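Given next are the chains, with one letter for each unit.
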Amino acid sequence: MSDKKTANGGKIKKIPMRQCLGCNEHKPKVELLRVVRTPEGEINLDFKGKMNGRGAYICWNPACLAKARKSRRIDRNLECEIPEEVYDRMEKELKENV
Ligand SMILES: [Zn+2]
């Protein structure tokens with residue numbers, strides 16, 4: 001059987017995927033944690049998924065945040081320079097929330 005039709009009539013629900021900037025894995029957006037640059041220029045972890053602003057995505061994993069920090073990929077993705085103390089704060093917050 002080569003056709004990919006599903007039981008509900010062939011409609012495959014599209015899940016928005018995003019790439020983690022730490023481990024490079026693609027995962028459903030809802031399973032990732034958003035790092036947001038707000039219109040005011042603040043960098044925050046968006047634990048509730050409701051913040052306004054430009055977002056970058058990482059796994060709920062301090063190791064992925066550390067990797068993304070090292071490679072500066074969040075900075076590049078959000079087109080701004082993230083200060084060390086902001087990374088420190090985000091790492092702490094993430095560890096408390098995992
Ligand atoms: Zn990851």
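Conventions used here
Residues numbered from 1 in each chain as written. Predicted model: local features only at pLDDT ≥ 70, side-chain atom pairs only at ≥ 80, totals over all residues. Heavy atoms only, no water. Helix = DSSP H or I, 4+ residues; strand = E, 2+ residues; numbered from the N terminus. Buried < 20%, exposed > 50% of the residue type's maximum accessible area, 1.4 Å probe, protein only. Pairing = 2+ DSSP bridges. Axes fitted to C-alpha atoms, helices over the stretch in contact; angles between N-to-C directions. Donors = N, O, S within 2.8 Å, 3.2 Å for Na, K, Ca; no water. Tetrahedral: all angles 85-135°; square planar, octahedral: opposite > 155°, others 65-115°. Salt bridge = Lys/Arg side-chain N within 4 Å of Asp/Glu carboxyl O.

This part is about unusual backbone geometry. The residue Asn 24 is not glycine, and still its phi comes out positive at about 70°. In this structure, Asn 24 sits in the loop between strand E1 (17–19) and strand E2 (26–28). Look at Asn 24 and you get partly exposed, because its relative accessible area is 40%. You will see that Arg 72, though not glycine, has its phi angle at about 65°, which is positive. Summarising the element assignment, Arg 72 is placed in the loop between helix H1 (62–71) and helix H2 (73–78).

Bringing the sheet that holds strand E5 (residues 54–58) into the picture now. Think of a sheet as strands paired side by side through backbone hydrogen bonds, with each pair either parallel or antiparallel. What the three strands build is an open sheet, ordered E4-E3-E5; its pairing is antiparallel. For this open sheet the edge positions go to strand E4 (43–46) and E5, each flanked by a neighbour on one side alone. Within the sheet, the average angular offset between the axes of one strand and its neighbour, ignoring direction, is 30°. Bridge count for strand E3 (residues 33–37) against E4 is four bridges, and the pairing is antiparallel. When the sheet's bridge partners are listed, Val 35 is paired in E4 with Leu 45.

The zinc ion binds to the protein through Cys 20 (SG), Cys 23 (SG), Cys 59 (SG) and Cys 64 (SG), with metal-donor distances spanning 2.2 to 2.3 Å. Coordination at the zinc ion comes from four donor atoms whose angles at the metal span 105 to 114°, giving a geometry best classed as tetrahedral. Of note, the donors binding the zinc ion are all from one chain and are spaced C-x2-C-x35-C-x4-C. In this pair, Cys 20 sits in the loop between E1 and E2 while Cys 64 sits in helix H1, placing the two residues 44 residues apart along the sequence.

One pass over the structure, following the stated rule, counts nine salt bridges. Note that Arg 69 is salt-bridged to Glu 84, the shortest N-O span being 2.7 Å. Taken together, the residues Arg 69 in helix H1 and Glu 84 in helix H3 (residues 84–97) connect sequence positions 15 residues apart. When salt bridges that share partners are traced, they join Arg 69, Arg 72, Asp 75, Glu 84, Asp 88 and Glu 91 into one network.

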